[in-house]
Amino acid sequence: MKPNILVTGGAGYIGSVTVERLLEAGYGVVILDDLSKGHKSAIPDGCRFVEGNIGDTKLVEEALRKNSIDSVIHFAAMSLVGESMERSGDYYSNNVVAGIRLLEAMDATGVRKIVFSSSAGVYGEPETIPISETNRTEPVNVYGDTKLIFERVLSWQSERTALGHISLRYFNAAGASERYGEDHRPESHLIPIALQAAAGKRPELTVFGGDYETPDGTCIRDYIDVRDLADAHIAALAALDAGRSGVYNLGNGEGWSVLNVIEFAEEVTGLTIPRKMGARRAGDPARLVASSSLAESELGWTPRHPELRDMIEAAWKWLKNYPDGYPD
């Protein structure tokens, strides 16, 4: 029988799909989520749910002890780039300070393995494309800075407590499983916004900046299927069990511009997506594309759903099945 895993933020987008995959793989799962961003309806059957915040050390210690937790997968975080520039104190409090409280609870209960949901935002404006883990880390927004700080916290914590830690630096998550998908309120991610605009659930889509140094003037991003992200977390658990720690990029190695995404979404839906041009958002790099060769070689992970069109089709199917999102 496989061990029990505590998943913080497991009622969120990536968290719910990862929990689904963990259960399918035979792990015991406990979700810890304060439901500030997640949804009760996104909690799969077959796992235990603890409602609360990762900063509540006593609550976390109880959840770890009571459920004989072996490892933690840590998703819980505030994650909006623009918002992070306006509410920096909240981001440092939630993503760094509360994260340290989580580590304190783990230390007190002898839990010594953690997979951390990090971000490509740690790189800022990259030196080279595709981005490797050896690239300079100079975040250009508060969100990316909080992720980088917590990576450093993990490294220092491991010096003192022999903590096994793997940080997964995601690029842009996309798509859905059959049951679990993207339902942020308000929504800020390009693909669901494009699909909502196609479905008439919002009047239009705003393209933030058309004057970047890219072929069509819009930002370029590397998209990764949420199911592949979930599988990467399971691969990371296995690597922790084998005594490995480290930092790994998760992406496809391909970049698509904002306009590329809109064109794919129109092809998938067969509908016109109304749009308007807006100003650049603070803290948005022009181009983020990953090299995931280290994850492939050391974690044995490769994306099984690499095509952007397939990701958009999965997200569109989920939206049609859940037109108003989760029924919370």
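Above this text you will find the structure in question.
Treat the numbers as computed from the prediction; the structure is a model and nothing was measured.

1. Some points on the pattern of salt bridges
Across all of its chains, the model carries 23 salt bridges by this definition. Measuring nitrogen to oxygen at the nearest pair gives 3.6 Å for the salt bridge that ties Arg136 to Glu127. Owing to a relative accessible area of 36%, Arg136 belongs among the partly exposed residues under this scheme. Two residues, Lys276 and Glu204, come together in a salt bridge whose shortest N-O distance is 3.4 Å. Pair noted here: Lys276 is in strand E13 (residues 275–278) and Glu204 is in the loop between helix H6 (190–198) and strand E8 (205–208), with a separation of 72 residues, a long-range link. Exposure remark for Lys276: the relative accessible area of 41% places this residue in the partly exposed category. The exposure class assigned to Glu204 is partly exposed, which follows from its relative accessible area of 31%.

2. Notes on the nonpolar core
Counting 42 residues, the largest nonpolar core has Leu168, Leu250 and Leu299 as the members making the most contacts within it. In terms of residue count, the dominant contributor to this core is helix H7 (residues 226–241) (ten residues). Setting aside residues up to four positions removed in sequence, Leu168 forms contacts with Val115, Phe116, Ser117, Ser118, Ser119, Ala232, His233, Ala236, Tyr248, Leu250 and Leu299. Listed in part, the 27 residues of the second largest apolar core include Tyr212, Ile262, Val268 and Trp316.

The rules we used
Residues numbered from 1 in each chain as written. Predicted model: local features only at pLDDT ≥ 70, side-chain atom pairs only at ≥ 80, totals over all residues. Heavy atoms only, no water. Salt bridge = Lys/Arg side-chain N within 4 Å of Asp/Glu carboxyl O. Buried < 20%, exposed > 50% of the residue type's maximum accessible area, 1.4 Å probe, protein only. Helix = DSSP H or I, 4+ residues; strand = E, 2+ residues; numbered from the N terminus. Core = buried A, V, L, I, M, F, W, Y, C linked by side-chain atoms within 4.5 Å. Contact = heavy atoms within 4.5 Å.

All we've got here are geometric facts, nothing functional implied.
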